[in-house]
Number of protein chains: 8
Amino acid sequence: MDMREANELLHRVAAGEVTPEDAASALRADTVTDLGYATVDHQRGMRQGVSEVIFGMSKTPAQIEGICRSMIAAGQSLILITRLSQEKFRELPEDLGITYHEDARMGIIGTIPEPDGMGPVMVACAGTSDLPVAEEAALTAEALGNEVIRAYDVGVAGIHRLFAHADDIARARVIIAIAGMEGALASVIGGMASCPVIAVPTSVGYGTSFGGVTALLSMLNSCASGVSVVNIDNGFGAAYQAHLINHVANFH
Amino acid sequence: MDMREANELLHRVAAGEVTPEDAASALRADTVTDLGYATVDHQRGMRQGVSEVIFGMSKTPAQIEGICRSMIAAGQSLILITRLSQEKFRELPEDLGITYHEDARMGIIGTIPEPDGMGPVMVACAGTSDLPVAEEAALTAEALGNEVIRAYDVGVAGIHRLFAHADDIARARVIIAIAGMEGALASVIGGMASCPVIAVPTSVGYGTSFGGVTALLSMLNSCASGVSVVNIDNGFGAAYQAHLINHVANFH
Amino acid sequence: MDMREANELLHRVAAGEVTPEDAASALRADTVTDLGYATVDHQRGMRQGVSEVIFGMSKTPAQIEGICRSMIAAGQSLILITRLSQEKFRELPEDLGITYHEDARMGIIGTIPEPDGMGPVMVACAGTSDLPVAEEAALTAEALGNEVIRAYDVGVAGIHRLFAHADDIARARVIIAIAGMEGALASVIGGMASCPVIAVPTSVGYGTSFGGVTALLSMLNSCASGVSVVNIDNGFGAAYQAHLINHVANFH
Amino acid sequence: MDMREANELLHRVAAGEVTPEDAASALRADTVTDLGYATVDHQRGMRQGVSEVIFGMSKTPAQIEGICRSMIAAGQSLILITRLSQEKFRELPEDLGITYHEDARMGIIGTIPEPDGMGPVMVACAGTSDLPVAEEAALTAEALGNEVIRAYDVGVAGIHRLFAHADDIARARVIIAIAGMEGALASVIGGMASCPVIAVPTSVGYGTSFGGVTALLSMLNSCASGVSVVNIDNGFGAAYQAHLINHVANFH
Amino acid sequence: MDMREANELLHRVAAGEVTPEDAASALRADTVTDLGYATVDHQRGMRQGVSEVIFGMSKTPAQIEGICRSMIAAGQSLILITRLSQEKFRELPEDLGITYHEDARMGIIGTIPEPDGMGPVMVACAGTSDLPVAEEAALTAEALGNEVIRAYDVGVAGIHRLFAHADDIARARVIIAIAGMEGALASVIGGMASCPVIAVPTSVGYGTSFGGVTALLSMLNSCASGVSVVNIDNGFGAAYQAHLINHVANFH
Amino acid sequence: MDMREANELLHRVAAGEVTPEDAASALRADTVTDLGYATVDHQRGMRQGVSEVIFGMSKTPAQIEGICRSMIAAGQSLILITRLSQEKFRELPEDLGITYHEDARMGIIGTIPEPDGMGPVMVACAGTSDLPVAEEAALTAEALGNEVIRAYDVGVAGIHRLFAHADDIARARVIIAIAGMEGALASVIGGMASCPVIAVPTSVGYGTSFGGVTALLSMLNSCASGVSVVNIDNGFGAAYQAHLINHVANFH
Amino acid sequence: MDMREANELLHRVAAGEVTPEDAASALRADTVTDLGYATVDHQRGMRQGVSEVIFGMSKTPAQIEGICRSMIAAGQSLILITRLSQEKFRELPEDLGITYHEDARMGIIGTIPEPDGMGPVMVACAGTSDLPVAEEAALTAEALGNEVIRAYDVGVAGIHRLFAHADDIARARVIIAIAGMEGALASVIGGMASCPVIAVPTSVGYGTSFGGVTALLSMLNSCASGVSVVNIDNGFGAAYQAHLINHVANFH
Amino acid sequence: MDMREANELLHRVAAGEVTPEDAASALRADTVTDLGYATVDHQRGMRQGVSEVIFGMSKTPAQIEGICRSMIAAGQSLILITRLSQEKFRELPEDLGITYHEDARMGIIGTIPEPDGMGPVMVACAGTSDLPVAEEAALTAEALGNEVIRAYDVGVAGIHRLFAHADDIARARVIIAIAGMEGALASVIGGMASCPVIAVPTSVGYGTSFGGVTALLSMLNSCASGVSVVNIDNGFGAAYQAHLINHVANFH
């Protein structure tokens, strides 16, 4: 149960829609669940503002299902499953109510909330092949409550394609710059923007792109200040931090 | 001339303290200066919210002096020189009015402004040897207009030392987590904080610390969400982005 | 024939259950067997206290069978086969009497002995995906004669999950700390425990986890003293050394 | 204050040599001291069985002095300073009473205790150039209360030199195997010993020894079971863990 | 046509078994053949003492067939095809007369000659998994005209297995030492032998064995003199050089 | 529309074959097309002299089709698709009129123009396995309007095979030197040629060839001057630059 | 003696200024000189169009002097010495007539010729710290007979600084793009230019710039076509190839 | 005492020049000497045919002196000290009778024997900067009893310089090919020679030469068969193995 959910619950108590007893019961559910293969951290939403997210890549469908049911039982209203392949999604029972987003390789249980951040989050990527990472970032940001501006295939080989988005760059509160190969997009955006830029290297490329290492190193050495970096292909992590930045005024 | 300086100038025009002509002249000065060895970017303050900062490491004292004088001439009121060794500082002329901060290896011309961010920036480091990077980050953040909370030598080998700062972690709007060796501090803070965490790996360690690469890799793979990373020993870059995050409400 | 087996044999001679002639014959069998593709080392149990273990990963089912039969013929009562895939297990003849443990990817011939070490061995892992390595370690330790405490999915992103095991950490004689990604679990346990900690990096992660190299480097640079490290995913090796430590009082 | 020191204190109270009040005062001193540049962890001795050790490499003489005085004030009777260069040692005030061991690059305040472990710790190194690491390990083990057997320059190029130490290998409770270059010593000892072996790669070599990385990788891949590894040149860390193993029976 | 074949041809001319005209014709055939996809170097046998060998790994069956037929046409009596998978072998036409050696992954056209070197070549490998490389080396050496002594699975974890071959080590003129993992076998043999040792790292291992890189680095840093190294898994190359060494007296 | 196409169009207007209105319409089409997944850069031909080329490796057939149709609609007369697997080619609709070149892994729409460069471009490769890269380079160069000389399988192990091409080396205006393994071909050609040499490392080899990294490093360190390097297996990129060099006189 | 020098000599013969005998003698001098420590290649000028250049970095002053005198004796009229430190320059005898260029770390004997290439060579660098490499490139290009356009400190963090040079980019026949850190300048210029771009990574940066490796990898993965790369800091090599490109029309 | 020395001693006994008692005494001296910091292996000469050689790089002058005196006392008539800097040489006492060879960085005690191998050893190096490694190899080979042919600065950038040595290549029994940078010399010689080639990569170069790693990798991937490799800059090791090869007929 994250802070928004807890607040909603308490408002519904205030509005008489939920009895204090039921609310208490829901909040009491909010503890650690030990599933043997997983120790589900129901406190994370209260502690960090965002409920635990399921990283689907190295989990079996049975494990994913178990964790989902544990979260549902604890009252978590929005559940994200990242790196969920279509094969695994098909093995999950329908009654979980998962909506599958193929481009983003994500499954979502529950309804995406209205944006409530300070402003838009821009998601820019250099090439067509960066799309899965870009969509993971964009959908995560939306699911956490952010307006998202998408600008795809705007790499520096044709830099006028990026400049066409100058207004978006100026309007964004955070920009997620996604690129493989030499990753120059992050530096160029970093030199244009006045808001924080989070760079995501992707594993796009061949030979000396080394599965994204070159883009990563390039982004870590950006000559533009104000650029920080996350792991290769980690669209989720970038969106998570963008969300925190876009809601930094809400924290206290 | 950054946005604060430009605003001040315009307020002083409004208050009759500066004539419109002098203001225009000052603003006109705000262009690129080509020094041969450097093309000083006077627009950066307007474009990105923070004026250009001088990276002193690979510049000669004569080059640093030249760039300082060009910035002074263009009306920049606060000038930061990072990675300025004591030797280089001593070769710079006194009339530049540089205050030297040995711990942070930084020189500053002008007066540090009052904090005007959304809240405090916390600077935490794991060990005594991380101090130069921590001070570079802390002083930069202060110079850009942020309140700073310092928590030094709080590495995870004695994790109670970190937990003693739980209130600071809760109060901070951004946390800069600095560590060498295995860099675990970033993950542990990342799991406790509800605000964005910027991790700075340091070159502290020996053998397989590989000059900070191990800490960097560790931080990029943080199991806690919401952690982004900058280059090894890049205290300045982390503080710069922390400043942007702490002022993200001010952008528009 | 390891020392326990030899001792049992001698006790059975003393008890009149085995004739001295048969015992001598069994001990004589305890030599090197040259199978062409393998030189089985029957002395290892006497020399090092633990009989030879079969590393199944790069051996054919026929080779594994041959080595098993050679060991059985030499009187080895407990045979471990590590990294045994289910496919290979199915190709092995039933009369070998192998019990297959899928979680641990291990096959065992014979009966697991009662624990006879100084105290419990704790096996802790950071995430759900580390389970195969954790189970390889736990089952190996049990098979060699150790009580095992399991604590799974207790990574530092929710550090209260680890602290819930503080009593186990205090009670253990050796702790095996298993983690992928940034491997911070080893440092945090290393800072809490007063017994030796053996860290096992796992290949869990993506991008810059580099198949476990990041966790390995992190663990080698642990800021906590008393942590040593084995190869990536080497749950067996960690359990083997944990067993030696837990029986160090028995050596002479 | 480590457990031995605390026990001694309590015995002296029992013997009437110390008043309960003075003992309480000494124990109360046993808290964290914040020196600004360092947060000295006086609890470590109680928590982990060994008091905090000063890693001298990246600390200034003034910082080392400050930490020493803080430990002395807190009643710590034995203080180790590792990686202490002769230059730094000479800058430290004489009244601290540091004994300097040049071979081991260590300074010691206080008296080395009588050995009280289960048996001897063997320190073996492959070549003459490994001596500084070997002595750091040997002296640390002695200072923590262990009998030490030294076997130096016994590398595998003349393997009879190692076999001459077969009795020592059989008698040791733990063996620290130290080697640079190809690090084969660890595997050969690992195949001969029945006790735990801790391998320490050294930075000895040139070209593709890569400052110890080759020896490290070699040791991590030892074909002999029961070998774990610490960071390059980390003689201290190996001795620390050897001490824990040699005292594992004492823990509870 | 290599030197042996040319010599045989000339002896048969001398013996009247071949007309000078036919011999000339055969020798004339001995030129470069351009197949479009390959420029077959028929001079190599004369220039370097060994005819060209076909590296089968990255060639199509059609290309292999074409090169074989070109060599047959040019009078080459013994043709080796290395890294020939069983699949590719099956696609090659039977009339080429290839004998397939599965263990060594090699195909051979023609008859293996009697050994004519100065003495035996020893092929030693550390583990069962090194067999394919060891057999590639052994068969190549035999095919080039060398007596071969095989000693397999004699790794240093049970060093008595190697010492059982001390006489072979003394008798050999060249030793090929093959090992994966930490590659210590090369150093130990290098310290025992008085003849040249050629070390072959293999890709056997997991985790930090890095596909043979660790064994390679270990072998390059052998503390024993007189050890040289070839590429990972390059059994052929080691045997080729062993052959040259074993025939060095024949060169002129 | 590249410069040649634009020139042809204008000549056809001058010749009365095209009305000025149709020409304008064709030129107007020459803008950026946003396909969602791709932002096609129709200006590239005018800006850089060569129209945009489709990198097929990481695009779906549907994306490739969409980009092709967008280019056709914009009047681009020659379309290259590189790294187009036969499987993808088969999924593309026939009406696109793609000619598929299997050796070069390329698809081409339109007619290859007559060579109009200053002289021939030589494409040399070291071994049979380098053919796919060599053909990608050769066909690209031809498609851009260059005469190509092919010299395949001329590696330095039989250096007379290269010297047989001395006249071609002297006649070429640019040489593309392609090699895997140790990549020595580039240095040897670089020492013979008086024209620019572009080196292409290939991923041919095994073990320490590291997928082409060894050849790349070798080529970057060529002891011959005048050699520059492109990414591993990047035959297209080498041919592209060779084309620019061969047409450098045409630029203005 | 390079081709220009040989041509001049022959013209002077034609003009009666030199006797055929003296010309022949000068041409005869044009052979290899074996100095023991060096085999000076006087044929290079004839073979490759540019006389041999002295790489001063790892040569002693005595060796440099010897090679210079050998070249002078052979009639070479222009001698370049690259990577010549000021210290070495001062140890060279004055009568050699070396002009020292400190910025470029080069010494030159003889007179720089008039430009005779097809057009200008542009040398662009990203930052002030790239100057030594940029000047090495610029001076080398001038010394070989090229007009040079310099554009320094035009990195992408303030991309308007680069766009101010759009006309130079359009006018250049070859562009040398020099950058350290993330090396993005090469990609951005590569996307704007219609002539060949040679990228030079520099060792400028810290931490993960890895002494220029990051910039190198970035440039090898440029998303813009037509960019090739030389070794880190190899300004000379880039200028050498730029010269060849700019004179490609002259070759035959 | 190596085999030649032992043979000489026995001949002198046979000739009545030495009494059997003195010979026995000399042979008895031939045991291991334990100097504390070193365990001198006097058996190596008998076991491996070459007496122990002192690697001077990481030893103090006092240690070198001690080992020398131990060897002299044991009757070793020829002592080599490799990697002996001039500074260390000057600190060694004159009465040891060391002759210092600056080019080779070696000291020698005793008289170099007459060559007694099967033929000459060729030492070829690519550039002037490879001289120290080449001389270490050449002098070592001579000191062990081999005729040496030197061919220096014959790198492939001017390949005619190498071809001028074709007769030497044909005459040599072993060739040591030494090169830094891209190390192509080894492949080219490997393709020309019919005897074994030992390649020595050197640390000559800059940037991506990575201190010799590029040359090493290049040599390991030589497209010519019959090339084996030793560690970077290991001229001694190459000469040692060349000596073994050149004396392989003498072994038994």
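What counts as what
- Residues numbered from 1 in each chain as written.
- Chains lettered and ligands numbered in written order.
- Predicted model: local features only at pLDDT ≥ 70, side-chain atom pairs only at ≥ 80, totals over all residues.
- Heavy atoms only, no water.
- Helix = DSSP H or I, 4+ residues; strand = E, 2+ residues; numbered from the N terminus.
- Expected span 1.5 Å × (residues − 1).
- Buried < 20%, exposed > 50% of the residue type's maximum accessible area, 1.4 Å probe, protein only.
- Contact = heavy atoms within 4.5 Å.
- Buried area = accessible area lost by both parts, 1.4 Å probe.
- Salt bridge = Lys/Arg side-chain N within 4 Å of Asp/Glu carboxyl O.
- Polar contact = N/O pair within 3.5 Å; in protein donor to acceptor, adjacent residues only side chain to side chain.
- Nonpolar A, V, L, I, M, F, W, Y, C, P; charged D, E, K, R; others polar.
- Least-squares fit on C-alpha atoms with pLDDT ≥ 70 in both.
- Pairing = 2+ DSSP bridges.
- Axes fitted to C-alpha atoms, helices over the stretch in contact; angles between N-to-C directions.
- 1 Å grid on protein atoms, 1.4 Å probe; cavity = no way out; pocket = protein on both sides within 12 Å on 5 of 7 lines; lining within 4 Å.
- Points joined across faces, edges and corners; volume = space filled by probe spheres on them.
- Right-handed = clockwise from strand over helix to strand, strands pointing away.

Trainee: What's the story with helix α11 (residues 235-246) of chain H in this structure? I'm lost.
Mentor: Structural remark: α-helix, 3.6 residues per turn; residues separated by three or four positions point the same way. Residue and element names in this part refer to chain H. For α11, with 12 residues, the first-to-last C-alpha span of 16 Å sits near the 16 Å given by 1.5 Å per residue. A large share of α11 lies buried, amounting to 12 of its 12 residues. Those residues of α11 not exposed but buried are Gly235, Phe236, Gly237, Ala238, Ala239, Tyr240, Gln241, Ala242, His243, Leu244, Ile245 and Asn246.

Trainee: Hey, could you run me through the interface of chain F and chain G in this one?
Mentor: Opposite the 34 residues of chain F that make contact, chain G presents 34 residues. Around 3,000 Å² of area is buried between chain F and chain G when both sides are counted, 56% of it from carbon and sulfur atoms. Remark: the boundary between chain F and chain G carries zero salt bridges. Between chain F and chain G we count 14 residue pairs in polar contact (both at pLDDT 80 or more) in total. Elements with a minimum of two residues in the side of chain F that touches chain G: α3 (44-48), α8 (166-171), α9 (184-192), α10 (213-220), β11 (227-229) and α11 (235-246) of chain F. In terms of residues, the side of chain F that touches chain G owes the most to one element, α11(F), which gives five residues. The class makeup of the residues in the side of chain F that touches chain G is 20 nonpolar, 11 polar and three charged.

Trainee: How do you make sense of the relation of the copies chain F and chain H when you look at a structure like this?
Mentor: Both copies of the chain are tied together by a single rotation about an axis and a shift running along it. Mapping chain F onto chain H calls for a rotation angle of 180° and an axial translation of 0.0 Å; the resulting RMSD is 0.0 Å. Here the two chains are linked by the operation of a two-fold rotation axis. The position closest to the rotation axis in chain F is occupied by the C-alpha of Ala184(F), lying 2.5 Å away. Interface residue correspondence from chain F to chain H reaches 100%, placing this contact among same-surface, isologous pairings.

Trainee: Would you mind going over the relation of the copies chain F and chain G with me for this structure?
Mentor: Rotating chain F by 180° and translating it 0.0 Å along the rotation axis places it on chain G, where the RMSD comes to 0.1 Å. Comparing interface residues between copies, 100% of those in chain F also sit at the interface in chain G, which points to an isologous, same-surface contact.

Trainee: Help me understand the pattern of salt bridges in this model?
Mentor: Where side chains of opposite charge bring their charged atoms close, a pairing between them can arise. A full pass over the atoms with the stated rule returns 64 salt bridges over all chains. The partner of Glu135(A) in a salt bridge is Arg150(A), and the shortest N-O contact between them spans 2.7 Å. Of this pair, Glu135(A) sits in helix α6 (residues 131-143) while Arg150(A) sits in strand β8 (residues 148-151), placing them 15 residues apart in sequence. By relative accessible area, Glu135(A) is classed as buried at 13%. Note that Glu136(G) is salt-bridged to Arg105(G), the shortest N-O span being 3.7 Å.

Trainee: Would you mind going over helix α10 (residues 213-220) of chain C with me for this structure?
Mentor: Of all eight residues that make up α10(C), eight are buried, and the element is covered over most of its length. Within α10(C), the full set of buried residues consists of Val213(C), Thr214(C), Ala215(C), Leu216(C), Leu217(C), Ser218(C), Met219(C) and Leu220(C).

Trainee: Hey, could you run me through the sheet that holds strand β3 (residues 54-55) of chain A in this one?
Mentor: Remark on secondary structure: sheet strands pair via backbone hydrogen bonds, oriented parallel or antiparallel. Residue and element names in this part refer to chain A. Taken together, four strands build an open sheet; the order of strands is β3-β4-β6-β5 and the sheet is mixed. The open sheet terminates on both sides in strands that have one partner only, identified here as β3 and β5 (98-101). Two strands pair when backbone bridges link them, and β3 and strand β4 (residues 79-82) are joined in this way by two bridges, in the parallel orientation. In the strand pairing of β4, isoleucine 54 is matched with isoleucine 81. Helix α4 (residues 61-73) contacts β3, β4 and β6 (106-109) of the sheet and is inclined by roughly 160° relative to β4.

Trainee: Quick question: what am I supposed to make of the layout of surface pockets here?
Mentor: Using a probe with the size of a water molecule, rolled over the atoms, empty space left in the structure can be pinpointed. Roughly 1,900 Å³ of volume is contained in the largest pocket. Forming the boundary of the largest pocket are 37 residues, of which Phe210(A), Phe210(C), Phe210(F), Phe210(G) and Phe210(H) lie nearest the centre. Of all the elements in the fold, those that place two or more residues in the lining of the largest pocket are α10 (213-220) of chain A, α10 (213-220) of chain B, α10 of chain C, α10 (213-220) of chain D, α10 (213-220) of chain E, α10 of chain F, α10 (213-220) of chain G together with α10 (213-220) of chain H. Tallied by class, residues from the lining of the largest pocket come to 32 nonpolar, five polar and no charged.

Trainee: I would appreciate a short explanation of the interface of chain F and chain H in the present structure.
Mentor: Taken together, the contacts link 22 residues of chain F with 22 residues of chain H. At the boundary of chain F with chain H, total buried surface from both sides reaches about 1,900 Å², with 68% on carbon and sulfur atoms. Among the residues of chain F in contact with chain H, Glu182(F), Asn221(F) and Cys223(F) are the three that bury the most area, contributing 30% of the side total. Connecting chain F to chain H are eight residue pairs in polar contact (both at pLDDT 80 or more). Those elements giving two or more residues to the side of chain F that touches chain H turn out to be α9 and α10 of chain F.

Trainee: Would you take a moment to explain the sheet that holds strand β4 (residues 79-82) of chain C for this structure?
Mentor: Residues and elements named next belong to chain C. Spatially, four strands are ordered β3-β4-β6-β5 in an open sheet, and the strand pairing comes out mixed. Of all strands in the sheet, those with a lone pairing partner are β3 (54-55) and β5 (98-101), marking the two edges. The pairing of β4 with strand β6 (residues 106-109) spans three bridges and is classified as antiparallel. Note on β6: the bridge partner recorded for leucine 80 is isoleucine 108. Along the sheet face, helix α4 (residues 61-73) touches β3, β4 and β6 and points at about 160° away from the line of β4.

Trainee: Honestly, the environment of Asp95(D) in this entry has me stumped. Any pointers?
Mentor: If you trace the backbone, Asp95(D) turns up in the loop between α5 (86-91) and β5 (98-101). Of note is the side chain of Asp95(D), whose polar atom sits 3.1 Å from the side chain of Arg69(D).

Trainee: Is there a simple way to think about the pairing of strand β4 (residues 79-82) of chain E in this case?
Mentor: Note on strand geometry: in a regular strand, side chains alternate between the two faces of the sheet. Residues Ile79(E) and Ile81(E) line one face of β4(E) and the alternating positions Leu80(E) and Thr82(E) line the opposite face, and both faces are buried. In this fold, the crossover linking strand β3 (residues 54-55) of chain E to β4(E) by way of helix α4 (residues 61-73) of chain E has right-handed handedness.

Trainee: Would you mind going over unusual backbone geometry with me for this structure?
Mentor: Trans is the common state for peptide bonds, and a negative phi is the common state for residues other than glycine. In this structure, Asp153(D) takes a positive phi of about 60° despite not being glycine. Within the element layout of this structure, Asp153(D) appears in the loop between β8 (148-151) and α7 (160-163). Under the relative-accessibility criterion, Asp153(D) is labelled buried at 10%. Notably, Phe210(H) is not glycine yet its phi reads approximately 50°, a positive angle. Inspection of the secondary structure puts Phe210(H) in the loop between β10 (197-201) and α10. For Phe210(H), a relative accessible area of 37% translates into the label partly exposed.

Trainee: Any chance you could explain the side chain of His243(G) here in plain terms?
Mentor: Residue and element names in this part refer to chain G. Looking at where histidine 243 falls in the secondary structure, it is placed in helix α11 (residues 235-246). Looking at histidine 243, the relative accessible area reads 7%, which means it is buried. The contacts of histidine 243, once residues within four sequence positions are left out, are Val50, Leu144 and Asn146.

Trainee: Teacher, can you tell me more about the environment of Ala124(C) here?
Mentor: Residues and elements named next belong to chain C. Topologically, alanine 124 is positioned in strand β7 (residues 121-125). Alanine 124 sits 53 residues away from alanine 177 along the chain, and the two C-alpha atoms are 5.1 Å apart. Among all residues touching alanine 124, those that are not within four sequence positions of it are Ala151, Val154, Ile176, Ala177, Ile178, Leu185 and Ile189.

Trainee: What should I look at first to understand the environment of Tyr206(E) in this one?
Mentor: Of note, Tyr206(E) is situated in the loop between β10 (197-201) and α10. Among all residues touching Tyr206(E), those that are not within four sequence positions of it are Phe55(C), Met57(C), Arg83(C), Asn231(C), Ile232(C), Asp233(C), Asn234(C) and Asn221(D).

That's the geometry; what it means functionally is another story.
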